[in-house]
Amino acid sequence: MNKTVQIKRAIGLMSGTSMDGIDLAMLETDGDIIVRRGASSFAAYDAAFRKRLEAALETARSIRARGERPGDLAELETELTDRHAEAVEEFLAREGLSTPDVDVIGFHGQTVLHRPLEALTVQLGDGERLAARLGIDVVHDLRARDMTLGGQGAPLVPAYHRALAAGLGDEWAEEMPVVFVNIGGISNITYIGCDGELRAFDSGPGNTLIDQWVQRHAGIPYDSAGAIASEGRVLSGLANRYLSSPFFTAKHRVSLDRNDFTLPDDSEAGLEDGARTLAFVTAAAIAKAQAHLAEKPKLWILTGGGRHNRMIVEDLTVATRHTGRVILAEEAGLNGDSMEAEAWAWLAVRSVAGLPLTYPGTTGVSEPATGGVLARAQKRAAG
Ligand SMILES: Nc1ncnc2c1ncn2[C@@H]1O[C@H](COP(=O)(O)OP(=O)(O)OP(=O)(O)O)[C@@H](O)[C@H]1O
Ligand SMILES: CC(=O)N[C@H]1[C@@H]2OC[C@@H](O2)[C@@H](O)[C@@H]1O[C@H](C)C(=O)O
């Protein structure tokens, strides 16, 4: 008997470690095949809200159990949730859609603490509140179950990368093995081998150090296109200090907290040299990931905001030039800005279907594991 394939329309909401805003994307999927990638949007956080999120990282340090909300974290969680609700409402209005057009929302929330060694990960975001306000089912807390089964709780997007790679078409088959590199606040990579092997891990800092550096020294949120970095030079002593961190020398990779790498001292570099060196470190850290892969990738597909920093792209291109080529997601017909939000939509549909989100090769979980918590919407108005 044929199993009926149920195609769902989902919205994914991602507020990542850069804390720059909410990425939103729509997706139609049966939880396996990506039937259609839909519209996407971005709702930026204002500087004051971003500051509050940054302060929340400090407040969250005292958390010992996932449900604790010390200081103003409960209030912040409510506001963050309401901002997500507004982002969805604006998106639906813009697209001429209404709540019954959406089956489920995948809600990441904001990571404020991530300690894999203690199996502790905390995302601010109230799934019940979001579901009640929007009248749409919401899947949230997608990382926690993985950790109870021995996983790192991150990264979660890799299974979606594999689904994207499967849909790329035959002309890409010759370019396997392929690696997706997400350069967000933190960078993570997904390796898909010729035999379909899936291997993924956080590769190191992404933009978060560069962002903090240019914020501190120039009062701007990020180094647009890497323009400031392009005026500087790589300080090799400083770069080597980052690249000899125990994170890189350890046998097994662990998933990163935003605060695991910290800024250089002000005395160590000027604005341009600091931005240049940190961009180099981001690219070199990604290239270093190859030591943990079965084969050298032939194709590197860059996603996430860091692909707009041309110094990072140039440095990675140079570091991998003998064995592979580096392209932006768009060159493969993909969307590098909305990919994580798309992934959260896809993962939500999988969660509802009880399908695995994580694998031994992605988070180190003991066996393929589903996850997520379903917050049901109030029953929609009858009739
Ligand atoms: N035009 C640009 N030039 C240079 N850098 C940019 C540009 N646009 C965005 N970025 C960088 O990308 C970052 C946002 O990237 P992205 O949205 O992929 O991160 P995130 O999803 O918050 O992080 P993560 O993937 O770690 O959760 C910004 O903070 C900035 O550093
Ligand atoms: C704990 C947490 O929120 N980790 C994020 C972070 O940002 C990038 C990297 O570190 C990745 O491990 C993860 O996000 C992506 C979306 C993931 O889970 O695939």
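Owing to the predicted nature of the structure, the values given are computational and were not obtained by experimental measurement. (Residues numbered from 1 in each chain as written. Chains lettered and ligands numbered in written order. Predicted model: local features only at pLDDT ≥ 70, side-chain atom pairs only at ≥ 80, totals over all residues.)

A. Up close: the site of ligand 2. Neighbouring ligand 2 are 17 residues; T111, A154, P155, V157 and I186 lie closest to it. Secondary-structure elements contributing two or more residues to the shell around ligand 2 are β5 (110-115) and β9 (186-192). Tallied by class, residues from the shell around ligand 2 come to 6 nonpolar, 9 polar and 2 charged. Taken domain by domain, the shell around ligand 2 gets at least three of its residues from each of domain 1 (8-151 + 369-375) and domain 2 (158-332). (Near = placed C-beta within 6 Å. Helix = DSSP H or I, 4+ residues; strand = E, 2+ residues; numbered from the N terminus. Nonpolar A, V, L, I, M, F, W, Y, C, P; charged D, E, K, R; others polar. Domains from an automatic or database assignment.)

B. Fine view of the sheet that holds strand β12 (residues 325-328). In space, the 5 strands of this open sheet follow the order β10-β9-β8-β11-β12, with mixed pairing throughout. Sheet topology places β10 (198-205) and β12 at the edges, where each strand pairs with a single neighbour. Neighbouring strand axes in the sheet, compared pairwise and without regard to direction, differ in orientation by 20° on average. Here 6 bridges tie strand β8 (residues 178-183) to β9, and the two strands are oriented antiparallel to one another. When the bridges of β9 are listed, V178 appears paired with I192. Against the sheet, helix α10 (residues 310-320) touches β8, β11 (299-303) and β12, its axis set at about 155° to β12. (Pairing = 2+ DSSP bridges. Axes fitted to C-alpha atoms, helices over the stretch in contact; angles between N-to-C directions. Contact = placed C-beta atoms within 7 Å.)

C. Broad picture of the environment of T59. Along the chain, T59 turns up in helix α1 (residues 47-59). A C-alpha to C-alpha distance of 41 Å links T59 and E331, two positions 272 residues apart in sequence. In contact with T59, other than residues within four places in its own chain, are P70, G71 and L73.

D. Quick peek at the sheet that holds strand β4 (residues 104-107). What the 6 strands build is an open sheet, ordered β3-β2-β1-β4-β7-β13; its pairing is mixed. Of all the strands in the sheet, just β3 (34-44) and β13 (373-375) have a single pairing partner and so form its edges. Neighbour-to-neighbour, the strand axes of the sheet open up by a mean angle of 20°, direction not taken into account. Here strand β1 (residues 8-14) runs beside β4; their pairing, made up of 4 bridges, is parallel. Within the sheet, the bridge partner assigned to I11 lies in β4 and is I105. Packed onto the sheet, helix α11 (residues 339-353) meets β1, β2 (21-29), β3, β4, β7 (137-140) and β13 and runs at close to 125° relative to β1.

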